[in-house]
Amino acid sequence: MIHVIIPVFNRLNLTKKCLYSLKNQKNAKDLNIIIVNDGSTDGTEQYLKNNFPQITVLNGSGSLFWGGAISLGIEYVIKISQSKDWVLLVNNDVELSQDAISNLIKEAEKRNRKVIVGALTINAEDKTTIITSGTIVKSWFLNITKHVYKDFSVNQIHNREPIIVDFLTGRSLLHPVEIFNTTGNYDAQTFSHYGADDEFSMRVKKYGYLTLLCSSSIVFLHPNEKYEKKKINFK
């Protein structure tokens, strides 16, 4: 079983596209989709009831942010999952290519599940330009980093072998479910919105897990969509 956790705050038009791209996945039909609806006011709740009654919806008050929504979803999955299940984090502003999930799983299984694997992100507007997907730290002391393939055209990538990176974005990120028994959940207390995926990428390495960017798994990001921004609680 692949448990897909999608944090949602409004942007219903994007959620629809994301869900239909999941519905059209090849070789990855055993999906349990969990939407964490963090106080949407755009009709998301009613749309899901009418069109996707099989989807599990966990509700928030609007104060979860990304980290809290992901943490809540993982807590739920841990209670219902079985060994050898997977947890896939997906943001609702991406559409997945038809083999995106199966390619992530293929790379994870090659490494006996001791890995988290992220997809390559392409700009949904031109279907070509690569957006930051994985980051390599060249110098911790000087704070020098390299964003793998950023601003390249996807047509320039001829070697589709996965790359070991230091940070992976949670935009489309696969985990073996047992990893959370070892590493713990995402740290929503310290990183309520930004940085939770970076911190988790670093944490898993301490327990012997690899962090891989899989360039054969592609998702398309809608970067310029306008949406209602939530106010950050600085407290």
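Up top is the structure these notes are about.
None of the values given here were measured: they were computed from a predicted structure. (Residues numbered from 1 in each chain as written. Predicted model: local features only at pLDDT ≥ 70, side-chain atom pairs only at ≥ 80, totals over all residues. Heavy atoms only, no water.)

Novice: For this particular structure, what's the right way to read the sheet that holds strand β9 (residues 144-147)?
Specialist: Across a sheet, paired strands are connected by hydrogen bonds in the backbone, their directions being either parallel or antiparallel. Ordered in space as β9-β8-β11, the three strands form an open sheet in which the pairing is antiparallel. The open sheet terminates on both sides in strands that have one partner only, identified here as β9 and β11 (167-168). Two elements, strand β8 (residues 134-139) and β11, share two bridges in a ladder whose sense is antiparallel. Considered in β11, the bridge of Thr135 is made with Phe167. (Pairing = 2+ DSSP bridges. Helix = DSSP H or I, 4+ residues; strand = E, 2+ residues; numbered from the N terminus.)

Novice: Help me understand a nonpolar patch on the surface, please; the structure alone is not making it clear to me.
Specialist: On the surface, Phe141, Leu142 and Ile144 cluster together into a nonpolar patch covering about 380 Å² of accessible area. Relative to the helices and strands, Ile144 resides in strand β9. (Patch = residues over 30% accessible without salt bridge, like charges linked within 9 Å, V, L, I, M, F, W, Y side chains within 5 Å. Areas by Shrake-Rupley, 256 points an atom, 1.4 Å probe, with all protein chains shown as cover. Salt bridge = Lys/Arg side-chain N within 4 Å of Asp/Glu carboxyl O.)

Novice: Honestly, the state of the cysteines in this entry has me stumped. Any pointers?
Specialist: Linking two cysteines covalently through their sulfur atoms gives a disulfide. Counting across every chain of the model gives zero disulfides. Here Cys18 is not cross-linked by a disulfide; its sulfur's nearest cysteine counterpart is in Cys214, at 18 Å. (Disulfide = S-S within 2.5 Å.)

Novice: So what exactly am I meant to see when it comes to the packing of aromatic side chains here?
Specialist: What characterises a pair of aromatic rings is the spacing of the ring centres plus the angle enclosed by the ring planes. Counting across every chain of the model gives seven aromatic pairs. Between the aromatic rings of Tyr20 and Phe52, the centroid separation amounts to 5.5 Å while the plane-to-plane angle is 65°, which identifies the pairing as edge-to-face. You can see Tyr20 sitting in helix α1 (residues 12-23) and its partner Phe52 sitting in the loop between α2 (44-51) and β3 (56-60), a full 32 residues away along the chain. The class of Tyr20 is partly exposed, set by a relative accessible area of 38%. Residue Phe52 is classed as buried on the basis of its relative accessible area, which comes to 7%. Arranged with centres 6.0 Å apart and planes meeting at 75°, the rings of Trp66 and Tyr186 form a pair that is edge-to-face. Taken together, the residues Trp66 in helix α3 (residues 65-80) and Tyr186 in the loop between α5 (179-183) and α6 (196-205) connect sequence positions 120 residues apart. This pair shows no difference in class: Trp66 is buried, exactly as Tyr186 is. (Phe/Tyr/Trp six-rings, centres within 6.5 Å; stacked < 30°, edge-to-face > 60°. Buried < 20%, exposed > 50% of the residue type's maximum accessible area, 1.4 Å probe, protein only.)

Novice: What's the story with the environment of Ile116 in this structure? I'm lost.
Specialist: As for its placement among the helices and strands, Ile116 is situated in strand β6 (residues 115-123). When the C-alpha positions of Ile116 and Pro176 are compared, they lie 7.3 Å apart, and in sequence the two are 60 residues distant.

Novice: I tried to follow the pattern of salt bridges on my own but got confused; where do I start?
Specialist: If charged atoms from side chains of opposite charge come close, those side chains can pair. By the definition in use, this model includes eight salt bridges. The salt bridge involving Arg11 is made with Asp93; its shortest N-O contact spans 3.6 Å. Here Asp93 lies in the loop between β4 (86-90) and β5 (94-96) and Arg11 lies in the loop between β1 (2-8) and α1, a separation of 82 residues in the sequence. Like Arg11, the residue Asp93 is buried in the burial classification. With its nearest N and O atoms 3.5 Å apart, the salt bridge here joins Glu107 to Lys110. Of this pair, Glu107 and Lys110 both sit in helix α4 (residues 100-110), three residues apart, roughly one helical turn. Given the relative accessible area of 6%, Glu107 is considered buried. One salt-bridge network, held together by shared partners, links Glu107, Lys110 and Arg111.

Novice: It is not clear to me how the pairing of β3 should be interpreted in this structure. Could you clarify?
Specialist: A regular strand places its side chains on the two faces of the sheet in alternate fashion. Burial along β3 is one-sided: Thr56, Leu58 and Gly60 are buried, and none of Val57 and Asn59, which face the opposite way, are. Sheet topology note: the strand β2 (residues 31-38)/β3 ladder contains five bridges and is parallel. Across the sheet, residue Val36 finds its bridge partner in β3, namely Leu58. Since β2 and β3 lie parallel, the crossover through α2 that links them has a hand, and here it is right-handed. (Right-handed = clockwise from strand over helix to strand, strands pointing away.)

Novice: Help me out: how do you make sense of the nonpolar core in this one?
Specialist: One recurring pattern in soluble globular proteins: nonpolar side chains tend to sit buried together. Formed by 35 residues in total, the largest nonpolar core has its most connected members in Ile2, Val4, Ile6, Leu19, Leu22, Ile33 and Ile101. Per-element tally for this core: the top contributor is α4, with five residues. Leaving out residues up to four positions away in the same chain, Ile2 has contacts with Ala28, Asp30, Leu31, Asn32, Trp86, Leu88, Ile101 and Ile105. (Core = buried A, V, L, I, M, F, W, Y, C linked by side-chain atoms within 4.5 Å. Contact = heavy atoms within 4.5 Å.)

Novice: So what exactly am I meant to see when it comes to the side chain of His3 here?
Specialist: Among the structural elements, His3 can be located in strand β1. Within the structure, His3 has its side chain in polar contact with the side chain of Asn32 (distance 3.0 Å). Polar side-chain contacts of His3 include one of 2.9 Å to the side chain of Asp85. His3 has contacts with Asn32, Ile34, Val77, Ile80, Ser81, Asp85, Trp86, Val87 and Leu88, leaving out every residue within four places of it along the chain. (Polar contact = N/O pair within 3.5 Å; in protein donor to acceptor, adjacent residues only side chain to side chain.)

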